[in-house]
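Here's the letter readout for the chains.
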Amino acid sequence: MKKTILLFIFILASFNFCLAQEWFTSLKVAKKLALVQDKMLFVMWENATSYPYPVLINTEKGESIVTDLFENERINKLIWDYFVPVTIYESQYAELSQQIKETRGTKYFNKFIDDSIKIMDANGNILNVNTSYETVEDLFLLIQRYALNTSFLKQELVNYSKNKNLTTAFSLASKYLDFAVFVEKDQRLEIIQLANIYFNESKSYLAKSGLKNIKGFLQNCDLQIIKEYLILNKPRKALRYLKKLDIADIDNLNLSLFSSLNYAGFKLLMNEKKAALWKSKISLVDLSKANLIINNNF
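Parameters at a glance
Residues numbered from 1 in each chain as written. Predicted model: local features only at pLDDT ≥ 70, side-chain atom pairs only at ≥ 80, totals over all residues. Heavy atoms only, no water. Axes fitted to C-alpha atoms, helices over the stretch in contact; angles between N-to-C directions. Helix = DSSP H or I, 4+ residues; strand = E, 2+ residues; numbered from the N terminus. Parallel < 35°, antiparallel > 145°, perpendicular 65-115°, else oblique. Left-handed = near helix turned anticlockwise from the far one by under 90°. Contact = heavy atoms within 4.5 Å. Nonpolar A, V, L, I, M, F, W, Y, C, P; charged D, E, K, R; others polar. Buried < 20%, exposed > 50% of the residue type's maximum accessible area, 1.4 Å probe, protein only. Polar contact = N/O pair within 3.5 Å; in protein donor to acceptor, adjacent residues only side chain to side chain. Pairing = 2+ DSSP bridges. Salt bridge = Lys/Arg side-chain N within 4 Å of Asp/Glu carboxyl O. Phe/Tyr/Trp six-rings, centres within 6.5 Å; stacked < 30°, edge-to-face > 60°. Core = buried A, V, L, I, M, F, W, Y, C linked by side-chain atoms within 4.5 Å.

With that settled, the discussion passes to the packing of helix 13 (residues 255–268) against helix 15 (residues 284–295). Contact geometry of helix 13 with helix 15 gives a least axis separation of 9 Å together with a crossing angle of 25°. On the basis of their axis angle, the class for helix 13 and helix 15 is roughly parallel. Note that helix 13 runs across helix 15; the crossing there is right-handed. Residues S256, L257, S260, Y263, A264, K267 and L268 of helix 13 touch helix 15, and the partners they reach there are D286, L287, A290, N291, I293 and I294. Partitioned by chemical class, the residues of the contact of helix 13 with helix 15 number eight nonpolar, three polar and two charged.

What follows concerns the environment of S26. The topology assignment puts S26 in the segment before helix 1 (27–37). Residue S26 is classed as partly exposed on the basis of its relative accessible area of 29%. Separated by 35 residues in sequence, S26 and K61 place their C-alpha atoms 38 Å apart. Among the polar contacts made by the side chain of S26, one reaches the main-chain amide nitrogen of V29 at a distance of 3.2 Å.

What follows deals with the packing of helix 8 (residues 166–182) against helix 9 (residues 188–204). Packing of helix 8 against helix 9 leaves a shortest axis separation of 8 Å and a crossing angle of 165°. Judged by the inter-axis angle, helix 8 sits roughly antiparallel to helix 9. Pair helix 8 / helix 9 crosses with left-handed handedness. Along the contact surface, helix 8 presents L166, A169, F170, L172, A173, S174, Y176, L177, F179, A180 and V181, while helix 9 presents R188, I191, I192, L194, A195, Y198, F199 and S202.

The next thing to look at is the sheet that holds strand 4 (residues 83–88). Read from one edge to the other, the open sheet built from three strands follows the order 4-1-5, with strand pairing classed as mixed. In the strand order of this sheet, the two ends are held by strand 4 and strand 5 (118–120), each with one partner. The sheet shows a mean angle of 30° between the axes of neighbouring strands, direction not considered. Bridge count for strand 1 (residues 40–45) against strand 5 is three bridges, and the pairing is antiparallel.

Quick look at the pattern of salt bridges now. For side chains of opposite charge, pairing can occur when their charged atoms come near one another. Summed over all chains, the structure comprises eight salt bridges. D114 is paired through a salt bridge with K118; the nearest N and O atoms lie 3.1 Å apart. With a shortest N-O distance of 2.9 Å, E190 and R145 are connected by a salt bridge. A residue pair is termed long-range when its members are at least 10 positions apart, and E190 in helix 9 and R145 in helix 6 (residues 139–146) qualify at 45 residues.

With phi around 60°, D38 is a residue other than glycine that occupies positive phi space. For D38, the position within the fold is in the loop between helix 1 and strand 1. What makes D38 buried here is its relative accessible area of 15%.

The three strands lie next to each other as 3-2-6, forming an open sheet whose pairing is mixed. Since the sheet does not close on itself, it has two edges, and those belong to strand 3 (64–68) and strand 6 (137–138), each with one partner. Two strands pair when backbone bridges link them, and strand 2 (residues 54–58) and strand 3 are joined in this way by five bridges, in the antiparallel orientation. Bridging from a neighbouring strand, V55 pairs with T67 of strand 3.

Taken as a whole and assessed by the stated rule, the structure comprises 14 aromatic pairs. Both rings, one in F24 and one in W80, keep their centres 5.7 Å apart while their planes meet at 55°; by these two values the pair is tilted. In this pair, F24 is assigned in the segment before helix 1 and W80 in helix 2 (residues 73–82), connecting sequence segments 56 residues apart. A centroid spacing of 5.7 Å and a plane angle of 10° characterise the contact between Y176 and Y198, whose relative ring orientation is stacked. Of this pair, Y176 sits in helix 8 while Y198 is found in helix 9, placing the two residues 22 residues apart along the sequence. Of the two residues, Y176 and Y198, both sit in the buried class. Ring pairing ties together the aromatic residues W23, F42, F70 and F83, which thus form one cluster.

The next subject is the pairing of strand 4. The element strand 4 is largely enclosed, with a buried count of six among its six residues. By the alternation rule, side chains of strand 4 split into F83, P85 and T87 and V84, V86 and I88, which are all buried. Of the pairings in the sheet, the one linking strand 1 to strand 4 comprises six bridges and is parallel in character. Across the sheet, V43 pairs through a bridge with V86, a residue of strand 4.

Grouped burial of nonpolar side chains is what soluble globular proteins tend to show. One finds F42, L69, F83 and Y176 to be the most contacted residues of the largest nonpolar core, which totals 88 residues. Those residues in contact with F42, other than ones at most four positions away along the chain, are W23, L69, I79, F83, V84, P85, V86, I117, K118, I119 and L142.

So, in structure tokens, the structure goes:
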């Protein structure tokens, strides 16, 4: 989703005075509003809001200045315009952090427990895990990068929030991959990493799912990983993995996806002859998705 946020030179003197709007203190309520408003969550721990949090902003003169995130109603309004802000009580730490380190890894866990700004989706999964904190965060860049309109994901987000199972987790993960095709190229890896949280979660439901074709499902998950390389414009790497797979071993349910990945890989390498060999095996839906990957990488 290519979007340009209106140039938000921070005109401190031009806003009308407005009363500061309090952040949510219930993550559950904030998640519901994020679903309704198609926004991401802007999250901080309670203790982190009790002392100055420096951010970089631009003045009307085009100057960059450092100011406190919490000292100005106008900054607060800006956050509300693009996100659903929420403060998490420290008392919720044990409940929320349970199993995160084991299932998400050290990097994700450290981001979750630190005092920095966390951008989460409507299910409470962190998007900005890779952010560096060596310098003061630029509020404009943060909004430009993470103020995503999630209407494209709405149905899958709603389905997952109502009932977490293999189908809803996998559908949301797949939708996040489709979403990654539309965002700016430097944002795609983070969206893909968020998708992988849901792919991994879908696998955790396998034992209780009653799914008959487990092999086909796991194969599809492996193909989705290869698809990620194509979204990141790494066709050679994708094709190396695809070459290791024998088409005779591909489940019938995955044949169209497998073919579309080969097609997209060769198209990205501008090898039209080899790409054409796969085109007839692709469903219209998968062909459309493959062409979107191709077109958005040129």
